[in-house]
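# Summary of structural features
Read off the chains here:
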Amino acid sequence: MKKYKFILTLDEYTTVDSAEEIEGHVSWPNYSQADPVRYRGVFDTYEEAKEYASNFSLYKYVTNDGYDSSEDEYFISIFDAEDAVCAFMGVEPGDPICTRPDNYIVEEITEEDTENDIPAGVYKYCYIYEGERVFDSLDEYGDYYDSYDEAREAAERIGFPVLVRPSYVIGGRAMEIVYCVEELEEYMKEAVKVSPEHPILVDKFLEDAVELDVDLLCDGEDVFIAGIMEHIEEAGVHSGDSACVIPPQTIPEHLLEVIRENTRKLALELDVIGLMNIQYAVKLDEEKVYIIEANPRASRTVPFVSKAIGVPLAKVATSLMMGAKLKDFNLTKEIKINHVAVKESVFPFLKLTESDSILGPEMKSTGESIGIDENFGLAFYKSQLSAGMDLPKEGNLLISVREQDQKKIQPIAEKAHALGFNIFATKGTANAIFDVPITRIKKVSQGTPNIKEAILDGKIDMIINTPHGEQASKDGYTIRRLAIELGIPYVTTLAGARAALNAIEAVKENELKVKSLNDHIANI
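Rules used in this analysis
Residues numbered from 1 in each chain as written. Predicted model: local features only at pLDDT ≥ 70, side-chain atom pairs only at ≥ 80, totals over all residues. Heavy atoms only, no water. Helix = DSSP H or I, 4+ residues; strand = E, 2+ residues; numbered from the N terminus. Buried < 20%, exposed > 50% of the residue type's maximum accessible area, 1.4 Å probe, protein only. Contact = heavy atoms within 4.5 Å. Areas by Shrake-Rupley, 256 points an atom, 1.4 Å probe, with all protein chains shown as cover. Pairing = 2+ DSSP bridges. Axes fitted to C-alpha atoms, helices over the stretch in contact; angles between N-to-C directions. Parallel < 35°, antiparallel > 145°, perpendicular 65-115°, else oblique. Nonpolar A, V, L, I, M, F, W, Y, C, P; charged D, E, K, R; others polar. Phe/Tyr/Trp six-rings, centres within 6.5 Å; stacked < 30°, edge-to-face > 60°. Expected span 1.5 Å × (residues − 1). Left-handed = near helix turned anticlockwise from the far one by under 90°. Salt bridge = Lys/Arg side-chain N within 4 Å of Asp/Glu carboxyl O. Core = buried A, V, L, I, M, F, W, Y, C linked by side-chain atoms within 4.5 Å. Polar contact = N/O pair within 3.5 Å; in protein donor to acceptor, adjacent residues only side chain to side chain.

Time to look at the overall build of the chain. Of regular secondary structure, the chain possesses 15 helices and 22 strands. Classification of the 524 residues of the chain by burial places 50% in the buried group. Partitioning the contacts of the chain with sequence separation of at least 6, the portion at a separation of at least 24 is 66%. For the chain, the exposed surface amounts to about 25,000 Å²; the carbon and sulfur share of it is 48%.

In structure tokens form, the structure reads like this:
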């Protein structure tokens with residue numbers, strides 16, 4: 001039985017005044033009126049699809065010719081489908097894309113699904129590869145909303161924390177993680193200033209997830225996985241700001257195989273010729289892999305991966321686009337390297353006075369550096385050196401972390417103490433640390449003597465600071481700004497703190513040596 005599918009697109013030229021003029025496509029007069037995720041439907045007859053489409057706006061574009069790839073626009077299509085009943089792929093404005101609708105199906109959520117904490121009354125979209133499901137996309141985990149009340153209801157239904165951002169922004173602009181209704185209300189006021197005519201995306205945030213980037217080459221027949229990069233910072237820090245490492249250090253092999261398999265399937269089914277980047281998130285406690293996004297293009301990590309594995313990926317990708325095949329370059333299997341490569345982001349905080357060094361969903365870095373050695377600790381230490389941060393091997397360590405991080409600070413404090421650091425901590429952080437010698441110190445807002453005075457007196461050699469909340473942000477900003485201007489090493493995430501301490505331990509136990517990139521590559 002034939003079905004009719006309805007897929008939203010955006011374009012900005014022809015408009016009409018009535019639903020009677022609709023023959024197959026619907027469009028909006030500008031990008032502020034809709035988004036490519038929100039409006040879609042499945043119908044038994046063309047008339048039903050046409051009537052559904054007429055409900056959106058009096059400003060409509062009409063054609064019956066299907067997707068016009070020359071326009072590089074979004075389209076809504078209503079057309080016959082023998083097997084699939086829904087087709088959709090989300091991209092950022094300006095990215096041309098053509099879907100392959102025969103690879104998608106839609107199902108209504110069943111009672112069995114609701115028993116697994118999936119709300120009833122929603123649809124579950126599955127990507128199909130050779131008759132097998134590759135992944136599910138659950139719409140109830142996020143959507144766009146036009147008002148604070150709608151966003152609040154969605155956040156409470158999804159469950160805090162949630163990731164919020166304006167629609168149609170890039171680089172994580174104005175994106176934040178909010179943990180309560182009060183923070184959401186404050187965010188909505190600021191987001192309107194960034195994108196006043198556009199709705200706000202509210203999405204589920206995966207706490208304590210490890211993010212990974214995969215860069216690959218595809219020639220339409222074979223897939224070469226160039227690198228699987230594990231982010232050192234937890235999910236929630238923009239991928240352009242997070243340090244990352246090849247090969248992954250904490251992901252079990254069976255989960256890496258899940259990532260490899262899904263990477264191959266996506267690349268082949270999307271007909272990628274050249275480079276592609278896929279971002280994953282892994283919940284280790286659940287042993288579950290999530291796909292964050294897939295981009296059929298080169299990523300900022302391509303130069304890093306090229307150096308790490310000794311393959312000029314951009315050059316090879318260009319040849320593939322000209323008709324060459326991966327086997328022509330002997331790139332048929334993933335390259336296993338014998339070293340560890342770490343990419344660290346470089347930030348302009350010193351040059352931008354009054355800027356804050358807190359890392360989050362909004363990208364702030366302007367460059368990258370690389371560290372390569374035989375183990376992660378040494379490679380990470382080199383990456384920090386090349387990024388301008390000389391980690392101390394001893395001295396006084398200041399720790400001041402937000403409330404939700406205090407339950408995780410104990411092993412970091414123990415590690416720092418074992419390495420010989422004298423630990424200074426603010427009240428809340430100190431109360432969360434047991435059986436480790438601590439010197440308590442006041443925040444800037446709590447009187448004197450305080451953190452600022454200790455830093456200015458040269459008593460602090462390294463800082464771990466993860467602030468949260470308005471007053472904490474003011475206190476933390478002072479600390480971080482002083483660290484930047486005085487050249488004191490600092491980290492603003494617990495994952496970064498763990499990596500830094502592992503690097504210090506490695507350098508204390510091993511001699512730091514210089515080895516050329518050519519020598520590393522020659523040993524592969």
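What follows continues from the structure just given.
Another aspect to go through is the sheet that holds strand β12 (residues 223-231). Strands sit in the order β15-β14-β11-β12-β13-β16-β17 across an open sheet of seven strands; the sheet is antiparallel. Looking at strand neighbours, the two that pair on one side only are β15 (288-295) and β17 (367-373), the edges of this open sheet. Averaged over all pairs of adjacent strands, the angle between their axes in this sheet comes to 25°, without regard to strand direction. Contacts between helix α7 (residues 313-321) and the sheet are confined to β11 (210-219), β12 and β14 (273-283), with β14 contributing the most and set at about 125° to the helix.

It is worth spelling out the sheet that holds strand β21 (residues 462-466) at this point. One open sheet holds the five strands; their spatial order is β20-β19-β18-β21-β22, and the pairing between them is parallel. Each end of this open sheet is capped by a strand with a single partner; those strands are β20 (438-440) and β22 (490-491). In this sheet, β22 lies alongside β21 in parallel orientation, the contact comprising two bridges. In the strand pairing of β22, Ile463 is matched with Tyr490. The strands that helix α10 (residues 410-418) touches are β18 (395-401), β19 (421-425) and β21; relative to β19, the one it contacts most, it runs at about 145°. Packing of helix α14 (residues 494-509) onto the sheet brings it into contact with β18, β19, β21 and β22, and relative to β21 it is tilted by some 160°.

A separate point is the packing of helix α8 (residues 376-386) against α14. Orientation of α8 relative to α14, taken along the N-to-C sense of each, is 105°, at an axis distance of 7 Å. On the basis of the axis angle, α8 is roughly perpendicular to α14. Across the interface between the two elements, Phe376, Gly377, Leu378, Phe380 and Tyr381 of α8 pack against Ala499, Ala500, Asn502, Ala503, Ala506 and Val507 of α14. Classifying every residue of the contact of α8 with α14 gives nine nonpolar, two polar and no charged.

A word on the pairing of β15. Here seven bridges tie β14 to β15, and the two strands are oriented antiparallel to one another. The residue bridging Asn277 from the neighbouring strand is Asn295, located in β15.

It is worth spelling out the packing of aromatic side chains at this point. The full count for this structure, using the stated rule, is two aromatic pairs. Judged by centre distance (5.0 Å) and plane angle (5°), the ring pair of Phe347 and Phe349 falls under stacked. A relative accessible area of 5% means that Phe349 is categorised as buried. Relative to Phe380, the ring of Phe376 has its centre 5.7 Å away and its plane inclined at 35°; by these criteria the two rings are tilted.

Time to look at helix α5 (residues 253-269). When the terminal C-alpha atoms of α5 are compared, their 24 Å separation across 17 residues agrees well with the 24 Å that a helix rising 1.5 Å per residue should span. Within α5, burial applies to Leu255, Leu256, Ile259, Arg260, Asn262, Thr263, Lys265, Leu266, Ala267 and Glu269. Trailing α5 by a residue or two, Asp271 shows a phi angle of about 55°, which is positive.

A few words now on the packing of α10 against α14. Where α10 contacts α14, the axes come no closer than 10 Å and their chain directions differ by 20°. Looking at the two axes, α10 sits roughly parallel to α14. As for how α10 packs across α14, the hand of that crossing is left-handed. Side by side, α10 and α14 meet where Ile412, Lys415 and Ala416 of the first sit next to Leu494, Ala497, Arg498, Leu501, Asn502 and Glu505 of the second. Grouping the amino acids of the contact of α10 with α14 by side-chain chemistry returns five nonpolar, one polar and three charged.

As a further point, take the pattern of salt bridges. Enumeration according to the criterion identifies 14 salt bridges in this entry. Its salt-bridge partner being Arg152, residue Glu156 comes within 3.6 Å of it at the nearest N-O pair. Of this pair, Glu156 and Arg152 both sit in helix α3 (residues 148-158), four residues apart, which is roughly one turn of the helix. By relative accessible area, which is 22% here, Arg152 ends up partly exposed. Of the charged contacts, one joins Arg260 and Glu253 as a salt bridge, the two residues approaching to 2.8 Å between their closest N and O atoms. Take Arg260: its relative accessible area is 6%, and that puts it in the buried class. A residue is classified by how much of its surface remains accessible, and Glu253, at 45% relative accessible area, is partly exposed.

We now examine the pairing of β14. Of all 11 residues in β14, 10 are buried, a share of seventy percent or more. Pairing geometry for β11 and β14, over 10 bridges, is antiparallel. Its bridge partner being in β14, Leu217 is matched across the sheet by Leu275.

Now for the nonpolar core. Where a protein is soluble and globular, its nonpolar side chains tend to be buried together. Phe380 and Ile463 are the most contacted members of the largest nonpolar core, which totals 52 residues. Broken down by element, this core gets its largest block of residues, nine residues, from α14. Other than its neighbours up to four places away in sequence, Ile463 contacts Leu397, Leu398, Ile455, Ile479, Ala483, Ile488, Pro489, Tyr490 and Val491. Core analysis: the next-biggest nonpolar cluster, separate from the first, contains 22 residues, Ala317, Leu320, Leu326 and Leu331 among them.

So, on to α14. Its 16 residues place the ends of α14 23 Å apart at the C-alpha level, agreeing with the 22 Å of an ideal helix rising 1.5 Å per residue. Those residues of α14 lying buried are Leu494, Ala495, Gly496, Ala497, Ala499, Ala500, Leu501, Ala503, Ile504, Ala506 and Val507.

Tracing the chain through its elements places Arg260 in helix α5. A polar atom in the side chain of Arg260 sits 2.8 Å from the side chain of Glu257. Setting aside residues no more than four positions away along its own chain, Arg260 makes contact with Ile225, Ile228, Glu253, Glu334 and Lys336.

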